[in-house]
Amino acid sequence: MEEESFFKPIAHIHNAFSEKFGIPRQSGMVEEVISSIEFLREYRDINAFRGILLYSHLWLLWEFSEHVGRWSPTVKPPRLGGNTRVGVFATRSPFRPNPIGLSCVRLLDLVEDGESGPVLLVAGADLMDGTPIYDIKPYLAYTDSHPDAKCGFADQYKEHKLRIDFPKELREQLKEETAAAVCGLLSADPRPAYQHDKSRIYGMEYAGYNIRFFVDGDLLTVCDVAMLKK
């Protein structure tokens, strides 16, 4: 008989991502995005975090909680235009046999105060607000980093960046740190790879705002910043 294993979250991540569109395709791409990791009450023992500030980066093991559906042996990666199929195990697609994600983030601080503490502050996460986290482990550069590794089809896209035209009168509607994060997210090009209509207006929700923009070639222009209705 096949055995079933059940995991329960130890924490949830919190940040300014209220929807999936605009979230970086990989962790570490946009360091300006700051997130907090708040633990369930039974895991808030400060002893569980002893020594964690000796590390600069952490691995997060988490759940694709917003993706519902059956897994498929082949998927269509957005970076390949959404038309080319490759094996699911050759991608980081969320539609997997088990909806488990793995991300590497930079550890900024451990906050011990408050009823919800200890809380970890991290940079560069690619998780939506509220995503459940199953485990946290330290990143070890001497064994986890492989500079000579081949990255398949992802190799040709890792340096893909857009130039950003963010008019001053629109940028000033945001806090400085929010504007910096928005620029980082937009430069990574949140559009599906198969969309190249320069007349199309896109909207990305971040930090309570709808950031509207269009793209012509490698230049992205922000055309509106509107506060979302509560």
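Chemist: Quick one: what's the story with a nonpolar patch on the surface, residue by residue and with numbers?
Modeler: Among the surface-exposed residues, Leu61, Ile100 and Leu102 lie close enough to one another that they form a single nonpolar patch of about 240 Å² accessible area. Take isoleucine 100: it is sitting in strand E6 (residues 100-111).

Chemist: So what about the sheet that holds strand E11 (residues 209-216)? Which residues, and what values?
Modeler: Neighbouring strands of a sheet are bound in pairs by backbone hydrogen bonds; such pairs are parallel or else antiparallel. Taking strand neighbours across the sheet as the criterion, the four strands line up as E9-E12-E11-E10 in an open arrangement whose pairing is mixed. Two strands close off the open sheet at either side, each with one partner strand: strand E9 (163-165) and strand E10 (202-206). Between one strand and the next, the sheet's axes are offset by a mean angle of 35°, whatever the strand orientation. Taken together, the three bridges between E9 and strand E12 (residues 219-227) define a ladder with parallel strand orientation. Counted as the bridge partner of isoleucine 164 is leucine 220 from E12. Against the sheet, helix H3 (residues 176-187) engages E9, E10, E11 and E12, with an angle of about 135° to E10.

Chemist: Explain the pattern of salt bridges residue by residue, including any values.
Modeler: One pass over the full model with this rule turns up six salt bridges. Arginine 106 is the partner of glutamate 31 in a salt bridge, and the nearest nitrogen-oxygen pair spans 2.5 Å. Separated by 75 residues along the polypeptide, glutamate 31 in the loop between strand E1 (11-14) and strand E2 (34-39) and arginine 106 in strand E6 bring together distant segments of the chain. In this structure, the salt-bridge partner of lysine 137 is aspartate 135, at a minimum N-O distance of 2.9 Å. The exposure class of aspartate 135 is partly exposed, given its relative accessible area of 26%.

Chemist: Mind laying out the environment of valine 122, listing which residues take part and the relevant values?
Modeler: Of note, valine 122 is situated in strand E7 (residues 119-123). The class of valine 122 is buried, set by a relative accessible area of 0%. Each C-alpha atom of the pair valine 122 and phenylalanine 17 lies 14 Å from the other, and the pair is 105 residues apart in sequence. If sequence neighbours within four positions are ignored, valine 122 has contacts with Val33, Ile34, Ser35, Ile37, Val105, Arg106, Leu107 and Leu108.

Chemist: Hey, could you go over the environment of proline 77 for me, with residue numbers and the actual values?
Modeler: Note that proline 77 resides in the loop between strand E4 (74-75) and strand E5 (86-87). Measuring from C-alpha to C-alpha, the distance between proline 77 and proline 192 comes to 9.5 Å, with 115 residues separating the pair along the chain. When sequence neighbours within four positions are dropped, the list of residues in contact with proline 77 reads Gly82, Thr84, Val86, Thr91 and Phe153.

Chemist: Before we move on, can you summarise the packing of aromatic side chains with the specific residues and values?
Modeler: Per the stated rule, a full pass over the model turns up seven aromatic pairs. Plain terms: the ring middles of phenylalanine 39 and phenylalanine 49 are 4.8 Å apart, the flat faces sit at 80° to each other, and that makes the pair edge-to-face. On the criterion of sequence distance, the pair formed by phenylalanine 39 in strand E2 and phenylalanine 49 in the loop between E2 and strand E3 (57-63) is long-range, its members being 10 residues apart. A single burial state applies to phenylalanine 39 and to phenylalanine 49, both of which are buried.

Chemist: Before we move on, can you summarise the sheet that holds E6 with the specific residues and values?
Modeler: Reading around the barrel, the six strands line up as E1-E2-E7-E6-E3-E8 and close back on themselves, with antiparallel pairing between neighbours. In this sheet, adjacent strand axes meet at a mean angle of 45° when their direction is disregarded. As defined by bridge partners, E2 adjoins E7 across five bridges and the pair is classed as antiparallel. The residue bridging serine 35 from the neighbouring strand is valine 122, located in E7.

Cut-offs applied
- Residues numbered from 1 in each chain as written.
- Predicted model: local features only at pLDDT ≥ 70, side-chain atom pairs only at ≥ 80, totals over all residues.
- Heavy atoms only, no water.
- Patch = residues over 30% accessible without salt bridge, like charges linked within 9 Å, V, L, I, M, F, W, Y side chains within 5 Å.
- Areas by Shrake-Rupley, 256 points an atom, 1.4 Å probe, with all protein chains shown as cover.
- Salt bridge = Lys/Arg side-chain N within 4 Å of Asp/Glu carboxyl O.
- Helix = DSSP H or I, 4+ residues; strand = E, 2+ residues; numbered from the N terminus.
- Pairing = 2+ DSSP bridges.
- Axes fitted to C-alpha atoms, helices over the stretch in contact; angles between N-to-C directions.
- Contact = heavy atoms within 4.5 Å.
- Buried < 20%, exposed > 50% of the residue type's maximum accessible area, 1.4 Å probe, protein only.
- Phe/Tyr/Trp six-rings, centres within 6.5 Å; stacked < 30°, edge-to-face > 60°.

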